[in-house]
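The lines below spell out each chain.
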Amino acid sequence: MSDPEFDVNKLFPGKFFISTTLDVLESKKKMTGHLRRRFIQRAAMAGIIIAIFYVINYTIVAAFDTMTEPPGQLHAVGKLIGALAFGWALVFIYYTKSELLTSNMMIVSVGAYYRRVTPVLIMRILVFCYLGNILGGLLIAVMLRGTTLLDGPVLNAMVHAVDVKTGYLSDGFSGWLDLFIRAVLCNFMINLAMLLVYNGYLTEDIAKCMAMITAVFVFAFLDFEHSVANTVLFMIVGFQHDMPIGLVFGNLGTVLLGNFVGGGILIGFYYAWVNDERDTHLVHLRRHRH
């Protein structure tokens, strides 16, 4: 006897997510070809948004740090509110159709699993996206150099963040591992939010916004490591204060790799695999033949 018919959609509840992601990938492939400058401009906008909201985050932290005497007694409150404010950055990036490197890591990984993109195209999308993110962050970093927005406690908070982020690399293997795991968890959260946005179950904009804000809040409040946010932070502080350049590049290299594992492998590649109908269809056909 043959097996009773089964609802494939129940076995593969992420089919809509995969199809949506592959459609998004097709647009990115075209944009990085004939519309390359527009793609870089969209990526630059994401860098600008990250930079502005990161300044908001540290301005809130600095404000609460200076509210009490001695300073710092309300640091946790400032960090919590700052992380919530920074959470809106991903919402602005999504609804302005901007391009963020860490989200694209997930998209190209799904495409690679289904052989919709070659290694050359993967590198083209990621490199141009990161370049645009850097240019946008650099623009804001240069502009901030001509203002007093970072004077005093705000710059101190940002310099402290740089010291922490580069300090991992001075702690030997345990520090490198700590940094790498924080980067993995960071992009896992970011792309978990994008999974919720793309999978078709969240239909209201407010629900999508809450998913993105929550994911970014988790990474910001728990001090996870985000490659684009770190790049922007390093550029902003670099125009205001001396930095250990070697440790900065060490941080970025480690975080980029960790972000790719968290978003590309644990979300993109994993969900592409668990929603792959091909193996199940083969098994189903073999049973019918026997």
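Structure first, text after, so check above.
Here's a quick rundown of the structure. As a convention, each chain's residues are numbered from 1 in the sequence order in which they are written. In keeping with the model being predicted, local features are shown solely for residues with a pLDDT of at least 70 and side-chain atom pairs are shown and tallied solely at 80 or more, while totals for entire chains, interfaces and linings include all residues. Side-chain descriptors were evaluated using all non-hydrogen atoms of the structure, hydrogens and water having been removed beforehand.

### Comments concerning helix α8 (residues 153–167)
Logical step 1: Each helix corresponds to a stretch of at least 4 residues labelled H or I by DSSP, and each strand to a stretch of at least 2 residues labelled E; elements are numbered beginning at the N terminus. Multiply 1.5 Å by the residue count of a helix minus one, and that product is the helix's expected span. Here α8 is 15 residues long and its end C-alpha atoms lie 20 Å apart, about the 21 Å a rise of 1.5 Å per residue gives.
Logical step 2: All of the buried residues in α8 are V154, L155, A157, M158, V159, A161, V162, K165 and T166.
Logical step 3: By definition, residues are in contact when any of their heavy atoms lie within 4.5 Å. Along its buried surface, α8 packs onto α3 (36–65), α9 (172–198), α11 (227–238) and α12 (245–274). Buried means the residue's accessible area, taken with a 1.4 Å probe over protein chains only, is under 20% of the maximum for its type, while exposed means over 50%, and partly exposed covers the values in between.

### Regarding the layout of surface pockets
Space left empty within the atom packing is revealed by a probe, the size of a water molecule, rolled over the atoms.
Logical step 1: Here the largest pocket is characterised by a volume of approximately 400 Å³.
Logical step 2: Lining the largest pocket we find 19 residues, and of these Y58, K79, H160, A161 and D223 sit closest to its centre.
Logical step 3: Broken down by secondary-structure element, the contributors of at least two residues to the lining of the largest pocket are α3, α4 (75–86), α8 and α10 (205–221).
Logical step 4: Taken as a whole, the second largest pocket holds about 290 Å³ of empty space. Cavity means a closed set of points on a 1 Å grid over the protein atoms alone, one where a 1.4 Å probe fits but cannot get out, pocket means an open set with protein on both sides within 12 Å along at least 5 of 7 lines, and lining means a residue has an atom within 4 Å of a point. Grid points are joined across faces, edges and corners, and a volume is the space filled by probe spheres set on the points.

### Section: α9
Structurally, the α-helix is built with 3.6 residues per turn, so residues lying three or four positions apart point the same way.
Logical step 1: Between the first and last C-alpha of α9 there are 39 Å, a value that for 27 residues agrees with the 39 Å anticipated at 1.5 Å per step.
Logical step 2: Two residues or fewer after α9 comes G200, characterised by a positive phi angle close to 90°.

### Some thoughts on the packing of aromatic side chains
Logical step 1: Put simply, two rings from Phe, Tyr or Trp (the six-membered ring, in Trp's case) pair if the centres are within 6.5 Å, and we call them stacked under 30 degrees between planes, edge-to-face over 60, tilted for the rest. What the rule picks out here adds up to 11 aromatic pairs.
Logical step 2: Geometrically, the ring pair formed by Y270 and Y271 is edge-to-face, given 5.1 Å between the ring centres and 85° between the ring planes.
Logical step 3: Exposure remark for Y271: the relative accessible area of 24% places this residue in the partly exposed category.
Logical step 4: One aromatic cluster is present, formed by F17, Y270, Y271 and W273 through successive ring pairs.
Logical step 5: The criterion is that NZ of a Lys, or CZ of an Arg, lies within 6 Å of the ring centre and within 35 degrees of the ring normal, and then a charge sits over that ring. Against the face of Y94 rests K97, its NZ or CZ located 5.8 Å from the ring centre.

That's the geometry; what it means functionally is another story.
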